[in-house]
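Notes for the structure review
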Amino acid sequence: MTDRSAKLTIDDTEIELPILSPTAGPDVLDIRKLYAQAGVFTYDPGYTSTASCDSTITFIDGDKGELLHRGYPIDQLAGKSHYLEVCYLLLYGELPTAAQLEDFENRVTNHTMLHEQMQYFFRGFRRDAHPMAIMTGVVGAMSAFYHDSTDIADPWQREVASLRMIAKMPTIAAWAYKYSIGQPFVYPRNDLDYASNFLRMCFAVPAEEYEVNPILSRAMDRIFTLHADHEQNASTSTVRLASSSGANPFACIAAGIACLWGPAHGGANQACLEMLREIGTPNRIPEYIERAKDKNDPFRLMGFGHRVYKNHDPRATVMKQSADEVLDLLGVEDNPLLQVAKELERKALEDPYFTEKKLFPNVDFYSGIILEAMGFPTSMFTPIFAVSRTVGWISQWKEMIEDPAMKIGRPRQLYLGATTRDYQDIEDR
Ligand code: SDX
């Protein structure tokens, strides 16, 4: 922090606002006393210029295209680490020793089963329900089953709830998928790693043994790692705001899942692949680029642009490399969607509209291509994002709950409605 301050003069009132300095990134203006001292609010719809909290978990530099988890660059974590080790890092702040990692992986593995009664939640949905609708409902219902980990004031219950969420999300996502295709649920196994377990629960059938392809499980694990956390994005902010009321962690994660579903956020990977399929062939790309530039056309290039990254999304870079590797190893290197995606990226990045507005591929641009090559339907893309982001939501939730200064979030407004007026009886209207 710092003893620097900013002076603000409003009419004949002058006040000083402290300037707080971070370990990285821009300084922030502490406006907590602004309303008391000057009787005014700040105005920032969408909070794009507002620091809603302080945090030590993830740092993003949008201009440099930098993403750090507890200080470690995402490309190093994606290349050298694996998802459960990144989960440990996000939750506890440091990379684990071998013993710590083994203990953590064992604890997660032993929480992957769902209460047997929960499967009846799935059966209450129509078979064509979107898996995100099922996940929102089932995760919200977890508080009805895991009462022994809903007291957020108890550190042990917070720890158990965290592990349960991280461990059970793959099972919930896989069962939502199995239910949608009319296949029996596949139970998790304790002899498989996190990504392999998820792939087996999605693709195994009782009629035959399922052999996990190590290429696919490595790619799955890398996708999980790349989506794990991302500072105060919309769904994480939703989880923080819901948690600030003291709501139980399962309800708060369900709120995050609901927010992530939107096509401007986590739903973009599904929307992006559907867009690539609609474009179909490289010769139709110019038509869609023109539509994306047309203010009168609501069409946008899905998987392009980012509220924070204005140079490049470092996750997209890693994802693009992974797409090349996975499709090549799977022998689908001439995948038409990948060709359209690469040509679309090339043409968009030659167009001043995109370069001047600093619109570049984001994490969702290439992830769908890999997921489709792995055998997932587009409806499973956002659920996979939700599985991965659960550790980010939980880590940010934990950080907030453990902050003694935490209080309920309560934004204000710029009111433009009617001022006080008297009720009119209906015969006088
Ligand atoms: C994620 O916040 C996070 O960290 C999210 C995330 C995470 O890990 O949690 O990174 C995950 O959500 C990635 C983003 C996925 N969404 C998409 O790919 C959907 C398509 N992208 C756009 O909807 C948009 O780029 C946003 C929502 C991502 C960002 O919107 P911004 O920064 O608020 O940009 P904007 O809407 O203010 O647009 C700025 C300008 C506008 O033109 P002008 O009004 O200035 O003339 O750029 C244009 C927009 O029309 N624009 C686009 C565009 N994105 C912005 N034009 C065409 N295609 C696009 N994709």
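Just so it is clear, the model here is predicted, and its values are computed rather than measured.

Comments concerning the domain arrangement of the protein chain
- Assigned domains of the protein chain: these are domain 1 (5-61), domain 2 (70-266 + 384-401) and domain 3 (270-374).
- In this structure, domain 1 and domain 2 have C-alpha centres spaced 34 Å apart.
- Of the residues lining the interface, 8 residues belong to domain 1; the matching set on domain 2 comes to 10 residues.
- In total, about 820 Å² of surface goes out of reach between domain 1 and domain 2, with carbon and sulfur atoms giving 52% of it.
- Where domain 1 meets domain 2, there are 0 salt bridges.
- Where domain 1 touches domain 2, the interface holds 5 residue pairs in polar contact (both at pLDDT 80 or more).
- When grouped by side-chain class, the residues that make up the side of domain 1 that touches domain 2 number 3 nonpolar, 4 polar and 1 charged.

A few points about the sheet that holds strand β2 (residues 13-20)
- The 3 strands lie next to each other as β1-β2-β3, forming an open sheet whose pairing is antiparallel. The sheet is open, and its two edges are formed by β1 (5-10) and β3 (28-29), each paired on a single side.
- Where β1 and β2 come together, 6 bridges link them in antiparallel fashion. Within the sheet, the bridge partner assigned to K7 lies in β2 and is E16.

Considering the site of the ligand
- The full set close to the ligand counts 25 residues, and H230, H306, R307, R315 and R389 are the nearest of them.
- K295 has a polar side-chain atom sitting 3.3 Å from an oxygen atom of the ligand.
- Contact with the protein chains covers 78% of the free accessible surface of the ligand, which is 1100 Å².
- When the residues that make up the shell around the ligand are grouped by side-chain class, the tally is 10 nonpolar, 7 polar and 8 charged.

Structural notes on the nonpolar core
- Counting 115 residues, the largest nonpolar core has F122, F198, M220, M275 and F376 as the members making the most contacts within it.
- Counting residues per element, this core draws most heavily on helix α7 (residues 155-180), at 13 residues.
- Composition of this core by domain shows at least three residues from each of domain 2 (70-266 + 384-401) and domain 3 (270-374).
- When neighbours within four sequence positions are excluded, F122 is seen to be in contact with L114, I134, V138, I172, W175, A176, Y179 and F185.

Re the environment of E16
- In this fold, E16 is placed in strand β2.
- Exposure remark for E16: the relative accessible area of 43% places this residue in the partly exposed category.
- Linking E16 and E231, residues 215 residues apart in sequence, is a C-alpha distance of 29 Å.
- Beyond its immediate stretch of four places on either side in the chain, E16 contacts S5, A6, K7 and Q37.
- Within polar-contact distance, the side chain of E16 engages the side chain of S5 at 2.6 Å.

A few points about the sheet that holds strand β6 (residues 72-73)
- Overall, antiparallel pairing links the 3 strands, which are arranged β4-β5-β6 in an open sheet. Among the strands making up the open sheet, the edge pair consists of β4 (58-61) and β6.

Considering the side chain of S243
- Relative to the elements of secondary structure, S243 occurs in helix α10 (residues 234-243).
- Not counting the four nearest positions on each side in its chain, S243 is found in contact with C252, W397, M400, I401 and M406.

A look at the state of the cysteines
- On inspection of all chains with the given rule, the structure shows 0 disulfides.
- Sulfur of C53: no disulfide; nearest cysteine sulfur belongs to C252 and is 15 Å away.
- On the basis of relative accessibility, which here comes to 27%, the residue C53 falls in the partly exposed class.

Focus: the pattern of salt bridges
- Under the criterion given, the structure shown has 27 salt bridges.
- Of the charged contacts in the structure, one is a salt bridge between E399 and R240, with a shortest N-O distance of 2.7 Å. Taken together, the positions of E399 in helix α18 (residues 381-401) and R240 in helix α10 put the pair 159 residues apart, joining distant regions of the chain. Here E399 matches R240 in class, with each residue buried.
- The closest approach of N and O atoms between K398 and E402, which form a salt bridge, is 3.6 Å.
- For E402, a relative accessible area of 41% corresponds to the partly exposed category.
- Here the residues in one salt-bridge network are E343, R346, K347 and E350, joined through shared partners.

Procedures and definitions
Residues numbered from 1 in each chain as written. Predicted model: local features only at pLDDT ≥ 70, side-chain atom pairs only at ≥ 80, totals over all residues. Heavy atoms only, no water. Domains from an automatic or database assignment. Contact = heavy atoms within 4.5 Å. Buried area = accessible area lost by both parts, 1.4 Å probe. Salt bridge = Lys/Arg side-chain N within 4 Å of Asp/Glu carboxyl O. Polar contact = N/O pair within 3.5 Å; in protein donor to acceptor, adjacent residues only side chain to side chain. Nonpolar A, V, L, I, M, F, W, Y, C, P; charged D, E, K, R; others polar. Pairing = 2+ DSSP bridges. Helix = DSSP H or I, 4+ residues; strand = E, 2+ residues; numbered from the N terminus. Near = heavy atom within 4 Å. Areas by Shrake-Rupley, 256 points an atom, 1.4 Å probe, with all protein chains shown as cover. Core = buried A, V, L, I, M, F, W, Y, C linked by side-chain atoms within 4.5 Å. Buried < 20%, exposed > 50% of the residue type's maximum accessible area, 1.4 Å probe, protein only. Disulfide = S-S within 2.5 Å.

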